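# Close look at the chain arrangement
Here is what each chain is made of, one letter per residue.
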Amino acid sequence: LLSTPHDTAMLVGVLFVAPMVITALWDRIRVNLDVAGTLRAHLQGGAFCRYMNSTSKAREHMPTSLMGQVILNDAQKVVDDGFMKVFGCVNVCVKLVIVTAFVYVENPSAVWE
């Protein structure tokens, strides 16, 4: 691959460690972003604003306990069981694309035939 076996070994070592380092950094960044918390707060705030901006007649038909349940429980379920699952699906799709690209580069007939 390179001019000396030492350089080749160093390159292989870097190529072996680099994806793990990138993955660890991405996991740390993803935790610090707190996407689920931000989405939950936005959804809860939107539901509360919509409730408060509705007419008094409309508010009479919706019990405050139901609105409290929507803000406290349902918003969390929607974010955790709904929207955050999209990130898992995207993660799997990206892995499939990477594996397919690798297989295609190594053996193009494995993909098309």
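Residues numbered from 1 in each chain as written. Predicted model: local features only at pLDDT ≥ 70, side-chain atom pairs only at ≥ 80, totals over all residues. Heavy atoms only, no water.

## Focus on helix 2 (residues 35–53)
Applied cut-off: Where helices and strands are cited, they refer to DSSP runs of H or I of at least four residues and of E of at least two residues respectively, numbered from the N terminus. What a helix is expected to span follows from its residue count: subtract one and scale by 1.5 Å. Under the scheme applied here, a residue whose accessible area is under 20% of the maximum for its type counts as buried, over 50% as exposed, and between as partly exposed, the area being computed with a 1.4 Å probe on protein chains only. Directions drawn from the helix axis to the C-beta atoms are what define this arc. In what follows, a contact means two residues having at least one pair of non-hydrogen atoms within 4.5 Å.
A rise of 1.5 Å per residue sets the reference length of helix 2, with its 19 residues, at 27 Å; its end C-alpha atoms lie 27 Å apart and thus fit the reference within 8%. Looking only at helix 2, the buried set comprises Ala36, Gly37 and Tyr51. Buried residues along helix 2 cover an arc of 95 degrees about the axis, so they all sit on one side. Exposed and facing more than 90 degrees away from the buried side of helix 2 are Thr38, His42, Arg50 and Asn53. Residues of helix 2 that are buried in the fold lie against helix 3 (56–61) and helix 4 (64–106).

## Some remarks on helix 1 (residues 5–33)
How we decide: To get the bend at any residue, fit one axis to the seven residues that end at it and another to the seven that begin at it, then take the angle between the two axes.
With 29 residues, helix 1 should cover 42 Å at 1.5 Å per step; its first-to-last C-alpha distance of 42 Å lies within 8% of that length. Along helix 1, the sharpest kink reaches roughly 25 degrees, centred on Val17 and followed within four residues by the proline Pro19. Of the residues flanking the end of helix 1, it is Asp34, one or two places downstream, whose phi is positive at about 50 degrees.

## A closer look at the state of the cysteines
Heads up, the rule is: Working definition: a disulfide is two cysteine sulfur atoms within 2.5 Å of each other.
Overall, the coordinates contain zero disulfides when judged by the stated rule. The structure places no disulfide on Cys89, whose sulfur is separated from the nearest cysteine sulfur, that of Cys93, by 6.7 Å. On the accessibility criterion, Cys93 (47% relative accessible area) is partly exposed.

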